[in-house]
Amino acid sequence: MKIVQISEHVWKCSQWIIIPMSAWLVQSERGLTLVDAGIPLMAGPLLKQIERMGLPLEQIVLTHGHSDHVGSLNKIVERYPVPVYVHEAEIPYMEGRQPYPRRKKAEQMVRPGLVRALDMASQPGGLTPYATPGHSPGHVAYYHEQDGVLLAGDLFTSKRGQLHRPMPMFTADMKQAVGSGALVEQVRPKLVSVCHGGEVRITDPQRQTEAYRTAALASL
């Protein structure tokens, strides 16, 4: 696993399996918040990194419930029985009660009761959650205002330092997802960090999101 400190309080933890799969550790005065939990083989390296940082894990927050974002949850909560939060709209899909949009079968990603509904007015670990539906019904991006970093999950992918649309194969509603990308103009981060790709530095939020939106909608 590659671990990179991308800002004063945020570490990106990535594992390459054809494409990068990423999670983030966010440090606050009280401890650590894990954002997403990657794929199963990331559990060991994530636990080692938490131990190296020498701070208690306070909670886990998820951008959404797809399998590549929850794969190491079981092993991590076995070691650290902390609460796991996700947007309430994701829970029926994650627990296997109904299939994600555009998928034929329901699939249980987590055992019932493991995840709790995220209070969208809260700021877990200094992160402000924003609803960014489209890639999945309850997708959430988290903004670390102090560092100016937007942890975007699968709101975007990236290539050569530019924002790109999320992967079409796994996106429920691409038009809605592209619309949710306007969050960059709203919060005006210095840096956008995505799960499947490198970081994107934001120097002109309006121009960069307009360019992203134009390119993404043209490909629909």
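Preceding this section is the structure that the text describes.
As the structure is a prediction and not an experimental result, all values here were calculated from the model.

A. Just the environment of Leu32, in detail. By secondary structure assignment, the location of Leu32 is in strand β4 (residues 32–35). The class for Leu32 is buried, based on a relative accessible area of 0%. Remark: the alpha-carbon pair of Leu32 and Leu114, spanning 82 residues in sequence, is separated by 19 Å. Once residues lying within four places of it in the same chain are set aside, the contact partners of Leu32 are Val26, Gln27, Ile50, Met53, Leu55, Pro56, Leu57, Glu58 and Gln59.

B. Representation of the pattern of salt bridges within the structure. Taken as a whole and assessed by the stated rule, the structure comprises six salt bridges. Arg79 is paired through a salt bridge with Glu51; the nearest N and O atoms lie 2.5 Å apart. Taken together, the residues span a long stretch of sequence, with Arg79 in helix α3 (residues 73–79) and Glu51 in helix α1 (residues 43–53) at a distance of 28 residues. When its relative accessible area of 44% is taken as the criterion, Arg79 is described as partly exposed. Residue Arg207 pairs with Asp204 through a salt bridge whose shortest N-O separation is 3.9 Å. Residue Asp204 is classed as partly exposed on the basis of its relative accessible area, which comes to 33%.

C. Here's a closer look at unusual backbone geometry. At Ile18, a residue that is not glycine, the phi angle is positive and equals roughly 70 degrees. Within the secondary structure layout, Ile18 lies in the loop between β2 (10–17) and β3 (19–27).

D. Layout of the sheet that holds strand β9 (residues 140–144). Across the sheet, five strands lie side by side as β8-β9-β10-β13-β14; this open sheet has mixed pairing. The open sheet has two edge strands with one neighbour each: β8 (127–131) and β14 (200–201). Summarising the sheet, strand β13 (residues 191–194) and β14 pair through two bridges and their orientation is antiparallel. Paired with Leu191 across the two strands is Arg201, which belongs to β14.

E. A look at the side chain of Gln59. Checked against the element boundaries, Gln59 lands in strand β5 (residues 57–61). Judged by relative accessible area, Gln59 falls into the buried class, the value being 13%. For Gln59, the side chain forms a polar contact with the side chain of Thr33, separated by 2.6 Å.

F. Molecular detail of the pairing of β4. Taking every second residue as pointing to the same face, both faces of β4 are buried, with Leu32 and Leu34 on one and Thr33 and Val35 on the other. Note: β3 against β4, four bridges, orientation antiparallel. Residue Gln27 lies in a different strand from β4, and its bridge partner there is Leu32. The loop that links β3 with its antiparallel partner β4 comprises four residues. Relative to β5, β4 runs parallel, the two being bridged by four bridges. The residue bridging Leu34 from the neighbouring strand is Ile60, located in β5. Between the parallel elements β4 and β5, the chain passes through α1 in a crossover that is right-handed.

G. View of the packing of aromatic side chains. Evaluation of the coordinates by the stated rule reveals two aromatic pairs. Ring centres of Tyr93 and Tyr100 lie 4.8 Å apart, and the angle between their planes is 15 degrees; on these two criteria the pair is classed as stacked. Residue Tyr93 is classed as buried on the basis of its relative accessible area, which comes to 11%. Residue classification places Tyr100 among the buried positions, given a relative accessible area of 5%. Measuring from ring centre to ring centre gives 4.9 Å for Phe156 and Tyr212, while their planes differ by 80 degrees; the resulting arrangement is edge-to-face. You can see Phe156 sitting in the loop between β10 (149–153) and β11 (157–159) and its partner Tyr212 sitting in helix α7 (residues 205–218), a full 56 residues away along the chain. The exposure class assigned to Tyr212 is buried, which follows from its relative accessible area of 4%.

Criteria and thresholds
Residues numbered from 1 in each chain as written. Predicted model: local features only at pLDDT ≥ 70, side-chain atom pairs only at ≥ 80, totals over all residues. Heavy atoms only, no water. Helix = DSSP H or I, 4+ residues; strand = E, 2+ residues; numbered from the N terminus. Buried < 20%, exposed > 50% of the residue type's maximum accessible area, 1.4 Å probe, protein only. Contact = heavy atoms within 4.5 Å. Salt bridge = Lys/Arg side-chain N within 4 Å of Asp/Glu carboxyl O. Pairing = 2+ DSSP bridges. Polar contact = N/O pair within 3.5 Å; in protein donor to acceptor, adjacent residues only side chain to side chain. Right-handed = clockwise from strand over helix to strand, strands pointing away. Phe/Tyr/Trp six-rings, centres within 6.5 Å; stacked < 30°, edge-to-face > 60°.

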